[in-house]
Amino acid sequence: MRQVAALLVAGALAVALGACGGQRVPGPPSAVIKRALSGAPGAAQPSTIVAAEIAFARAAREQGQWTAFRQFAAPGAVIHTPSGPVPLDTFLAGQSDPAEAVQWEPRAVAISCDGALAVSQGRYRAPDGSVGNFVTVWERQGDGQYRYVYDVGGPDVPQPPPRKPVEDGDIVVTSIDAVLGLVASCPRGDGEVPPPPAIPIGEDGKADAHLSRDGTLRWRWEQREDGTRYTAAEYFHEGRWLTAFEQSLTPAGGK
């Protein structure tokens, strides 16, 4: 399980990323991303989150999975396990790096107007070949680097059928996936961002919501009665609140 391109900046700018059939995989070099997005305006650049994800996945592959999870975590980071969110230190206590790491790639990034908070969603592949989804919340630290504060991941239920083996003479076409970048709008002049739509939080410890400091991005999680882990990101765009993406991770038992 992964616990924790064309990059479109506000739907306009693109950079190619190779598809991986649901795996967080090595992406283009950071220099390629920086060069393609050098003209992107403002501090809120989804490319920085894509670069962080690429570096995170590379560190997991080269240095060890849990070593990378420690390295890229912000103070107080939590992992949303099947039984609920737990502190990273608790989750990793006594765990050693597996022989082979999970690999992943982001598919969507939502980022606040000031660039201080971002949420990425994507796909991963485990060493046993199983695939699934993940959501990671990133916060910009005092040194300007992004570290994650929340991570959740889980396998597809059911798993997709295995791919047909490639045989001699087959023509293989690799698809290109898009990493969608959603940038929140900044308030105009002295205007204020209206609060996001009200949501029921429910029982303490089973749901929570967090709003960016500039009030333009909200992310939230739920631990539902049937064991489903739900995560959503919403952002303020051109005068209204929109859902960037939602992710429901069904228990392996298929409840």
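From a predicted model like this one, the values you see are computed outputs, not experimental measurements.

Cut-offs applied
- Residues numbered from 1 in each chain as written.
- Predicted model: local features only at pLDDT ≥ 70, side-chain atom pairs only at ≥ 80, totals over all residues.
- Heavy atoms only, no water.
- Disulfide = S-S within 2.5 Å.
- Helix = DSSP H or I, 4+ residues; strand = E, 2+ residues; numbered from the N terminus.
- Buried < 20%, exposed > 50% of the residue type's maximum accessible area, 1.4 Å probe, protein only.
- Polar contact = N/O pair within 3.5 Å; in protein donor to acceptor, adjacent residues only side chain to side chain.
- Phe/Tyr/Trp six-rings, centres within 6.5 Å; stacked < 30°, edge-to-face > 60°.
- Core = buried A, V, L, I, M, F, W, Y, C linked by side-chain atoms within 4.5 Å.
- Pairing = 2+ DSSP bridges.
- Axes fitted to C-alpha atoms, helices over the stretch in contact; angles between N-to-C directions.
- Salt bridge = Lys/Arg side-chain N within 4 Å of Asp/Glu carboxyl O.
- Contact = heavy atoms within 4.5 Å.

All right, on to the state of the cysteines then. Enumeration over the complete set of coordinates arrives at one disulfide. What pairs with Cys 113 in a disulfide is Cys 186, and their sulfur atoms sit 1.7 Å apart. Where Cys 113 bonds to Cys 186 through sulfur, the torsion about that S-S bond is close to 90 degrees, and the disulfide is right-handed. With a gap of 73 residues between them, Cys 113 in the loop between β5 (103-111) and β6 (117-125) and Cys 186 in the loop between β9 (176-183) and β10 (207-211) connect regions that are remote in the sequence. In this structure Cys 113 comes out as buried when scored by relative accessible area, which is 14%. The class for Cys 186 is partly exposed, based on a relative accessible area of 44%.

Note that Arg 220 resides in strand β11 (residues 217-223). Exposure remark for Arg 220: the relative accessible area of 12% places this residue in the buried category. Within the local environment of Arg 220, its side chain forms a polar contact with the side chain of Glu 234, the two groups lying 3.0 Å apart.

Moving on to the packing of aromatic side chains. This model, assessed by the stated rule, comprises twelve aromatic pairs. When the ring of Phe 56 is compared with that of Tyr 148, the centres are 5.6 Å apart and the planes differ by 15 degrees; the resulting orientation is stacked. With Phe 56 in helix α2 (residues 46-63) and Tyr 148 in strand β8 (residues 146-155), the pair connects residues that are 92 residues apart, well separated along the chain. The burial state of Phe 56 is the same as that of Tyr 148; both residues are buried. These aromatic residues form a ring-pair network of at least three members: Phe 56, Trp 66, Phe 69, Phe 72, Phe 91, Trp 104, Trp 138 and Tyr 148.

This part is about the nonpolar core. Among soluble globular proteins, nonpolar side chains are generally buried collectively. Formed by 33 residues in total, the largest nonpolar core has its most connected members in Phe 56, Phe 69, Trp 104, Trp 138 and Tyr 148. Looking at which element gives the most residues to this core, the answer is α2, with eight residues. Grouped together as the second largest cluster of nonpolar side chains are 20 residues, Leu 117, Leu 182, Trp 221 and Tyr 235 included.

Glancing now at the sheet that holds strand β13 (residues 240-249). Within the open sheet, the four strands sit side by side as β10-β11-β12-β13. Their pairing is antiparallel. Whereas interior strands pair on both sides, the edge strands pair on one side only; in this sheet they are β10 and β13. With direction set aside, neighbouring strand axes in the sheet form an average angle of 15 degrees.

What follows covers the pattern of salt bridges. Proximity of charged atoms lets side chains of opposite charge pair with each other. For the structure shown, the criterion picks out seven salt bridges. With a closest N to O distance of 2.8 Å, Asp 156 and Arg 123 form a salt bridge. Residue Asp 156 is found in the loop between β8 and β9, and its partner Arg 123 is found in strand β6; the two are separated by 33 residues along the sequence. Classification of Asp 156 by relative accessible area gives buried; the value is 18%. On the accessibility criterion, Arg 123 (16% relative accessible area) is buried. One salt bridge connects Glu 222 with Arg 220, and the closest N-O pair in it is separated by 3.7 Å. Several salt bridges share partner residues, and in doing so they unite Arg 218, Arg 220, Glu 222, Arg 224 and Glu 234 into one network.

Note that Pro 158 resides in the loop between β8 and β9. Taking the C-alpha atoms as reference points, Pro 158 and Val 131, separated by 27 residues in sequence, lie 10.0 Å from one another.

Another point: the environment of Thr 243. Turning to its location among the elements, Thr 243 is positioned in strand β13. A relative accessible area of 47% places Thr 243 in the partly exposed class. Between the alpha carbons of Thr 243 and Arg 218 there is a distance of 9.5 Å; along the sequence they are 25 residues apart. With residues up to four places along the chain from it excluded, the contact list for Thr 243 reads Ala 233, Glu 234 and Tyr 235.

Before going further, it helps to spend a moment on the pairing of β5. Burial runs high along β5: eight of the nine residues are buried. Where β5 folds back onto β6 in an antiparallel hairpin, the turn is made up of five residues, including Gly 115, whose phi is positive at roughly 75 degrees.

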